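This is what each chain is made of:
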Amino acid sequence: MRTNSPSASVSPTPTSAQTLFFQSLGGLLAVLQKALLPHLAAGIGLFLMTSYVTYAVLLAPAHLPKGLEWTITCFVLCIYGILAFFYSLLTACVFALRAACVTWDEFIDNMLGMVKEKVASKINNMNDGLAKDQAKVVVAGSITEVAGLFRGYERKSWLRWLTAVLLGLLTFAMRSVLIARIVKISGTTVNLGKIFAGRATLVGAVFLNLRLFATLVLWLLYAAGVFAVLMNFLFVFWLK
């Protein structure tokens, strides 16, 4: 239940903002646990196939000295293993993001509220007419400032990396939706209050934008994996 106390009207501190974000991140990690094993298995399969093709088609026929052959083989396996692991992890993260979008409505709603507060703090009255170009700058800058409140997680490097990726995607989706609303409003000036009207519709638009972007990235990653498999087969048949 919200109150009208002074503490409730100000923007959340960075600590509370990060807490809010990592509560939503917990839902993503829960989905990631279920998505990681299938994608990891696919990455292992791709690693084994590529390693076998490289050894059978390139290294074995070269008849290199045993020491040199083992050295090159170990080096190639390490490179392929690292690439396969990061491919699996990245694909699983994007898949989990797409699946977790449905649980992020409240977080996106809270973040939009923070953006609205930031916008209101930069202008005298959100109902005054504001040029579209100026409105775009105010909204984009406010989104960047709010996203900055959620940064700074220092405990684990992979969580910091994951946080940066998620905030980048969410910032991109939110900026795209709000800028699109500004452009869509007829006339040369806009009332920023109208941009944030219909919060449920706005949250749904950000959610759909984020999910669409995650879907496109996921399909690109899947296409890259299929391309790697096809290249292995073509490479074998071409040399034979």
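Asker: Give me the pattern of salt bridges: which residues, what numbers.
Answerer: By the definition in use, this model includes 2 salt bridges. With its nearest N and O atoms 3.8 Å apart, the salt bridge here joins E145 to K118. Of the two residues, E145 sits in helix α5 (residues 132-149) while K118 sits in helix α4 (residues 105-122), which places them 27 residues apart along the sequence. Using a relative accessible area of 37% as the deciding quantity, one classes E145 as partly exposed. The salt bridge partner of E145 is K122, with a shortest N-O separation of 3.0 Å. With E145 in helix α5 and K122 in helix α4, the pair connects residues that are 23 residues apart, well separated along the chain. Sharing partners across several salt bridges, the network here consists of K118, K122 and E145.

Asker: Describe the packing of aromatic side chains, and please don't skip the residues or the numbers.
Answerer: Counting across every chain of the model gives 3 aromatic pairs. For the ring pair F172 and F213, a centre distance of 5.1 Å and an interplane angle of 45° mean the geometry is tilted. Residue F172 is located in helix α6 (residues 157-184), and its partner F213 is located in helix α8 (residues 199-239); the two are separated by 41 residues in the primary sequence. Measuring from ring centre to ring centre gives 6.1 Å for W219 and Y222, while their planes differ by 85°; the resulting arrangement is edge-to-face. Of this pair, W219 and Y222 both sit in helix α8, 3 residues apart, which is roughly one turn of that helix. Y222 sits in the partly exposed class, given a relative accessible area of 28%.

Asker: Hey, could you go over α5 for me, with residue numbers and the actual values?
Answerer: Spanning 18 residues, α5 covers 26 Å between terminal C-alpha atoms, matching the ideal 26 Å at 1.5 Å per step. Taken together, the buried positions of α5 are occupied by K132, A135, V138, V139, A140, S142, I143, V146, A147 and L149.

Asker: Give a detailed account of the confidence of the model for the protein, specifying residues and quantitative values.
Answerer: When pLDDT is averaged along the protein, the result is 80, and 85% of the positions lie at 70 or above. Looking across the protein, the model is least confident in helix α1 (residues 6-9), with a mean pLDDT of 37, and most confident in helix α3 (residues 66-100), with 88. The low-confidence segment residues 1-15, where pLDDT is below 50, has 11 contacts with residues more than four positions distant or belonging to other chains.

Asker: Give a description of α4 that names residues and reports values.
Answerer: Between its first and last C-alpha atoms α4 spans 26 Å; for 18 residues at 1.5 Å apiece the expected length is 26 Å, and the two agree. Of the positions making up α4, those classed as buried are F107, I108, M111, L112, G113, M114, V115 and V119.

Rules of the game
Residues numbered from 1 in each chain as written. Predicted model: local features only at pLDDT ≥ 70, side-chain atom pairs only at ≥ 80, totals over all residues. Heavy atoms only, no water. Salt bridge = Lys/Arg side-chain N within 4 Å of Asp/Glu carboxyl O. Helix = DSSP H or I, 4+ residues; strand = E, 2+ residues; numbered from the N terminus. Buried < 20%, exposed > 50% of the residue type's maximum accessible area, 1.4 Å probe, protein only. Phe/Tyr/Trp six-rings, centres within 6.5 Å; stacked < 30°, edge-to-face > 60°. Expected span 1.5 Å × (residues − 1). pLDDT = per-residue confidence, 0-100. Contact = heavy atoms within 4.5 Å.

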